[in-house]
Amino acid sequence: MQEYELKYGCNPNQKPARIYMADGKDLPIKVLCGRAGYINFLDAFNGWQLVKELKKATGLPAATSFKHVSPAGAAVGLPLSDVEKKIYWVDDMDIEFTPLANAYIRARGADRMSSFGDFISLSDICDAATAKVIKREVSDGVIAPGYTEEALEILKQKKKGNYCVIEIDPAYEPAPIEHKDVFGITFEQGRNELHIGDDFFDNIVTENKELPELAISMITLKYTQSNSVCYVKGGQAIGIGAGQQSRIHCTRLAGSKADNWWLRQSPQVLGLQFVDGIKRADRDNAIDLYMGEDYMDVLADGAWEKIFKVKPAVFTAEEKRAWLDKNTDVALGSDAFFPFGDNIERAHKSGVKYVAEPGGSVRDDNVIETCNKYGMVMSFTGIRLFHH
């Protein structure tokens, strides 16, 4: 197949639309079910690169959950604790929690609000367990290097047989030069083939020198719309701030997502008693409101009865702060330098201990000083990772 016709481009009025190989060769993909759209393919091809690199860097199966050409979550296939199974809504599933299934459960579960209607990328052949997890989520499609027969049959049952399932040739390598047209003008550049390995973080500039693996955060950022920062813990992104013009706004946005991920593990949230039959999306929305400043939207008389069996107590600011203070050893990556120490101050509030950023700001000394104040470890990678 040398080209694939799309229903339309980014928007319904943008026709005609297609993907094709400029050199006339066959596309490295097969659409096994459904019909993929323009943005679906943008998510799929960016996500595939991300999980392929995560697998190469960690040796573990990897998954990512993409929305609008940025990851909402990314993870590798580490085992899940009982609490994690509960907050990711899989504690009721009678399946073998395979490494690939765990990777997607983590990637989807980190920021469930943003992952709603995601496009999934998997580093390994999709197994039945992973397909069963995908089947129950609201999702646009999935790309993987292959599917077991059972997994494919499960996925074909989604969306009345219209769920998009793409198989990509894992051996495919793109040309070293890439092109992009904007306003009828062609841009050309070398592909970002930067390898993020163990030596990427060798330049540690803080007093504390004990640095763990930070590859997950930086590989995730490599395929996230800039400006971007990424908080990571336990083999997964727990907060991604993408596409902000201000670095501190990225750090705050991603930090608030990381905070919500941790707050969902608090006794107050774990103890919520939902009414029978509540939809998964409604449950996610209720938790998001309950943890935030607009908690009365779900606790007001006439509202809570539709969501909870028992009216929950207010999750006070003091209680939330006390729980957040228990979150430690979080890693933070940034696609470009932090211009001021305020980013580190904000990161500290979300339990960050390890930082990786390019360095190069005229105020690097202030950023280093702020890290030293909190005993953080920071690596200057010397490499910017803008992605547009």
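Heads up: the structure comes first, above all this text.
Residues numbered from 1 in each chain as written. Predicted model: local features only at pLDDT ≥ 70, side-chain atom pairs only at ≥ 80, totals over all residues. Heavy atoms only, no water.

(A) Fine view of the overall build of the chain. A tally of regular secondary structure across the chain gives 14 helices and 15 strands. Taken over C-alpha atoms, the radius of gyration comes to 21 Å for the chain, in line with the 21 Å a tight globule of 388 residues would show. Referenced to the eigenvectors of the C-alpha coordinate spread, the extents of the chain come out at roughly 60 × 55 × 40 Å. Counting only residues that meet the buried cut, the chain has 52% of its 388 residues in that class. Put simply, of all contacts in the chain between residues at least 6 apart along the chain, 58% involve residues at least 24 apart. Side-chain charges of the chain comprise 46 positive and 55 negative groups, with the mean position of each set lying 4 Å from the other. (Helix = DSSP H or I, 4+ residues; strand = E, 2+ residues; numbered from the N terminus. Rg over C-alpha atoms; globule rule 2.2 N^0.38 Å. Buried < 20%, exposed > 50% of the residue type's maximum accessible area, 1.4 Å probe, protein only. Contact = heavy atoms within 4.5 Å. Lys, Arg positive; Asp, Glu negative; His and termini not counted. Charge placed at Lys NZ, Arg CZ, Asp CG, Glu CD.)

(B) Highlighting the pattern of salt bridges. Here the structure, examined in full by the defined rule, presents 22 salt bridges. Here Arg 191 makes a salt bridge to Glu 193, at a shortest N to O gap of 3.0 Å. Overall, Arg 191 belongs to the buried group, its relative accessible area being 19%. Taking the shortest distance from any N to any O, the salt bridge between Asp 325 and Arg 321 comes out at 3.0 Å. (Salt bridge = Lys/Arg side-chain N within 4 Å of Asp/Glu carboxyl O.)

(C) Molecular detail of unusual backbone geometry. Looking along the chain, the bond that leaves Lys 15 and enters Pro 16 is cis, with omega of -5°. On the secondary structure map, Pro 16 appears in the loop between strand E1 (3-6) and strand E2 (17-20). In this chain, Ser 226 is followed by Asn 227 through a cis amide linkage whose omega measures -10°. Inspection of the secondary structure assignment puts Asn 227 in the loop between helix H7 (215-222) and strand E11 (228-233). Residues other than glycine seldom take positive phi values, yet His 68 does so here, at roughly 50°. Among the structural elements, His 68 can be located in the loop between strand E4 (62-67) and strand E5 (70-76). In this structure, Phe 183 takes a positive phi of about 60° despite not being glycine. Exposure remark for Phe 183: the relative accessible area of 82% places this residue in the exposed category.

(D) A look at the side chain of Lys 257. Within the fold, Lys 257 resides in helix H8 (residues 247-263). Under the relative-accessibility criterion, Lys 257 is labelled buried at 18%. A polar atom in the side chain of Lys 257 sits 2.7 Å from the side chain of Asp 111. Excluding its chain neighbours within four sequence positions, the residues that come into contact with Lys 257 are Asp 111, Ser 114, Ile 238, Gly 239 and Ile 240. (Polar contact = N/O pair within 3.5 Å; in protein donor to acceptor, adjacent residues only side chain to side chain.)

(E) Up close: the packing of aromatic side chains. All told, the structure shown has 8 aromatic pairs when counted by the stated rule. A ring pair is formed by Tyr 4 and Phe 41, whose centres lie 5.5 Å apart and whose planes are at 80°; its orientation type is edge-to-face. Of the two residues, Tyr 4 sits in strand E1 while Phe 41 sits in helix H1 (residues 38-58), which places them 37 residues apart along the sequence. Each member of the pair, Tyr 4 as well as Phe 41, carries the same accessibility label: buried. (Phe/Tyr/Trp six-rings, centres within 6.5 Å; stacked < 30°, edge-to-face > 60°.)

(F) Quick look at the packing of helix H3 (residues 99-109) against helix H5 (residues 128-135). Where H3 contacts H5, the axes come no closer than 7 Å and their chain directions differ by 25°. By the angle between their axes, H3 is roughly parallel relative to H5. Two packed elements cross with a definite hand, and for H3 against H5 that hand is right-handed. Residues Leu 100, Ala 101, Tyr 104 and Ile 105 of H3 form the contact with H5, whose participating residues are Ala 129, Thr 130, Val 133 and Ile 134. (Axes fitted to C-alpha atoms, helices over the stretch in contact; angles between N-to-C directions. Parallel < 35°, antiparallel > 145°, perpendicular 65-115°, else oblique. Left-handed = near helix turned anticlockwise from the far one by under 90°.)

(G) Expanded view of the packing of H8 against helix H13 (residues 342-349). Where H8 contacts H13, the two axes come as close as 9 Å, and the packing angle between them is 5°. Considering the angle they form, H8 stands roughly parallel to H13. Contacts from Arg 247, Ile 248, Thr 251, Arg 252, Gly 255, Ser 256 and Asp 259 in H8 reach Asp 342, Asn 343, Arg 346, Ala 347 and Lys 349 in H13. Along the lines of polarity and charge, the residues of the contact of H8 with H13 split into 2 nonpolar, 4 polar and 6 charged. (Nonpolar A, V, L, I, M, F, W, Y, C, P; charged D, E, K, R; others polar.)

(H) Spatial organisation of the layout of surface pockets. Estimates place the volume of the second largest pocket at around 360 Å³. The wall of the second largest pocket is formed by 16 residues, among which Tyr 8, Arg 35, Ala 36, Gly 37 and Asn 40 lie closest to the centre. Per element, the largest residue contribution to the lining of the second largest pocket is 3 residues, and it comes from H1. Class assignment of the residues belonging to the lining of the second largest pocket gives a composition of 7 nonpolar, 5 polar and 4 charged. (1 Å grid on protein atoms, 1.4 Å probe; cavity = no way out; pocket = protein on both sides within 12 Å on 5 of 7 lines; lining within 4 Å. Points joined across faces, edges and corners; volume = space filled by probe spheres on them.)

(I) View of the pairing of strand E15 (residues 377-380). Side chains Val 377 and Ser 379 project from E15 onto one buried face, and the interleaved Met 378 and Phe 380 project onto a second face that is buried too. Across 4 bridges, the pairing between strand E14 (residues 352-357) and E15 is parallel. Residue pairing for E15: Ala 356 is matched across the bridge by Ser 379. Where the polypeptide runs from E14 across helix H14 (residues 364-373) and back to E15, its parallel neighbour, the crossover connection is right-handed. (Pairing = 2+ DSSP bridges. Right-handed = clockwise from strand over helix to strand, strands pointing away.)

(J) Expanded view of the state of the cysteines. The final tally for this structure, using the stated rule, is 0 disulfides. Residue Cys 126 stays outside any disulfide, its sulfur separated by 13 Å from that of Cys 33, the closest cysteine. The closest cysteine sulfur to the non-disulfide-bonded Cys 371 is located on Cys 230, 17 Å from its own sulfur. (Disulfide = S-S within 2.5 Å.)

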